[in-house]
Amino acid sequence: MRKLSMALLAGVALVGCGGPEASESRIPTFEEFQAEAIKDEGNVFVVNGDEAVEGVEGLRAYYDNFVANGDVGATQDGLAVYYIGGDIKWSATAARNITYCVSSSSFGTRYNTVVTAMNNAAGAWEATANVNFVHSSTYDSNCTASQSAVVFDVRQVSGAGYVARAFFPNSSRSARNVLIDTSAFSATGAWTLTGVLRHELGHTLGFRHEHTRSTASGCYEDSQWRALTSTYDRASVMHYPQCNGTQTGDLVLTSLDKQGARALYP
């Protein structure tokens, strides 16, 4: 989740920030693109505000596929799943046991706040789709990126350049983290921590940003997605409000979000 005041990442600005005319913008070199990407822990780069790309090779592949060629072929459809020759999602069995830990040492006095927010955010997706997030609190005291007993870890970072960031189901274990910046606990407008985590957990299930469906959003990213519903949803929990969205309150699942989630995880 991008900070409200943060400028668009180079690749996003290239293909969306100027609206439909953005395809005429100058395509940055890979070196310029890399310089603008957020370098995160564990050899991870963050693109599109809150999505993890692993290593320089992964960043280069993203650049070659979706930035260098000025990929602006968006259409307008509803909630979408990450798609690379097939849907990037959990198997039916894995989706019922998505375990995670919450780092008690990194969050300190904020630990209980995060545990509650994660539980509430997970509950929103569990109430509509056949998925189940499981907090394995046994591992909270040793909740790191190398904790192999859980699917992903939830930890606090500071000064990261984002409010929070997540991962997709095809990420390796070292990059399967939900990282929450300290800024998420201060003023974030109408967004609550639970709302931000609803958005991030959408990514962990395989859902792309809704605004990448439309060049008119000003935040089009790429065409690596498959539509799950027939209607473009500017109020979606996966749509940045600052990208010509209509959600003025907290980030919550809309009826179209629920429809799309059930389509992917019936």
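Cut-offs and rules
- Residues numbered from 1 in each chain as written.
- Predicted model: local features only at pLDDT ≥ 70, side-chain atom pairs only at ≥ 80, totals over all residues.
- Heavy atoms only, no water.
- Disulfide = S-S within 2.5 Å.
- Helix = DSSP H or I, 4+ residues; strand = E, 2+ residues; numbered from the N terminus.
- Buried < 20%, exposed > 50% of the residue type's maximum accessible area, 1.4 Å probe, protein only.
- Pairing = 2+ DSSP bridges.
- Contact = heavy atoms within 4.5 Å.
- Axes fitted to C-alpha atoms, helices over the stretch in contact; angles between N-to-C directions.
- Parallel < 35°, antiparallel > 145°, perpendicular 65-115°, else oblique.
- Left-handed = near helix turned anticlockwise from the far one by under 90°.
- Nonpolar A, V, L, I, M, F, W, Y, C, P; charged D, E, K, R; others polar.
- Salt bridge = Lys/Arg side-chain N within 4 Å of Asp/Glu carboxyl O.

Caption draft 1: Inspection of the state of the cysteines at higher detail. Counted according to the given criterion, the structure contains two disulfides. A sulfur-sulfur separation of 2.1 Å characterises the disulfide bridge that pairs cysteine 101 with cysteine 143. Negative torsions about the S-S bond denote left-handed disulfides, and the value of about 85 degrees found for cysteine 101 with cysteine 143 makes this one right-handed. Here cysteine 143 lies in the loop between strand 6 (133-135) and strand 7 (152-157) and cysteine 101 lies in strand 5 (residues 98-102), a separation of 42 residues in the sequence. As far as burial versus exposure is concerned, cysteine 101 and cysteine 143 are alike and both buried. One disulfide in the model links cysteine 219 with cysteine 243; its S-S distance is 2.0 Å. The sign of the S-S torsion, about -85 degrees, decides the handedness of the disulfide formed by cysteine 219 and cysteine 243: left-handed. In this pair, cysteine 219 sits in the loop between helix 6 (193-204) and strand 10 (225-227) while cysteine 243 sits in the loop between strand 10 and helix 7 (255-264), placing the two residues 24 residues apart along the sequence. A relative accessible area of 1% places cysteine 243 in the buried class. Assigning the bonded cysteines of the protein chain consecutive numbers by sequence position, one obtains the connectivity 1-2, 3-4.

Caption draft 2: Quick peek at unusual backbone geometry. Phi at asparagine 244 is positive, roughly 65 degrees, even though this residue is not glycine. Residue asparagine 244 is classed as partly exposed on the basis of its relative accessible area of 40%.

Caption draft 3: Summary view of the sheet that holds strand 9 (residues 177-181). Pairing is mixed in the open sheet, where five strands are placed in the order 6-5-7-9-8. The sheet is open, and its two edges are formed by strand 6 and strand 8 (164-165), each paired on a single side. Relative to the sheet, helix 6 contacts strand 6, strand 7, strand 8 and strand 9, its axis offset from that of strand 9 by approximately 155 degrees.

Caption draft 4: Region of interest: the packing of helix 5 (residues 111-126) against helix 6. Their axes nearest at 8 Å, the elements helix 5 and helix 6 cross at an angle of 55 degrees. Looking at the two axes, helix 5 sits oblique to helix 6. In terms of crossing hand, the pair formed by helix 5 and helix 6 is right-handed. Contacts from Thr113, Val114, Ala117, Met118, Asn120, Ala121, Ala122, Ala124 and Trp125 in helix 5 reach Leu193, Thr194, Leu197, Arg198, Leu201 and Gly202 in helix 6. Here the residues of the contact of helix 5 with helix 6 are counted per class, giving ten nonpolar, four polar and one charged.

Caption draft 5: Local environment of the pattern of salt bridges. In total, this model carries seven salt bridges according to the counting rule given. Put simply, arginine 226 and aspartate 87 hold a salt bridge, and the shortest N to O gap is 2.8 Å. Residue arginine 226 is located in strand 10, and its partner aspartate 87 is located in the loop between strand 4 (80-82) and strand 5; the two are separated by 139 residues in the primary sequence. Aspartate 87 gets classed as partly exposed once you look at its relative accessible area, which sits at 28%. One salt bridge in this structure joins arginine 208 and aspartate 222, with 2.8 Å as the shortest N-O distance. Of this pair, arginine 208 sits in the loop between helix 6 and strand 10 while aspartate 222 is found in the loop between helix 6 and strand 10, placing the two residues 14 residues apart along the sequence. As far as the burial class goes, arginine 208 and aspartate 222 line up, both buried.

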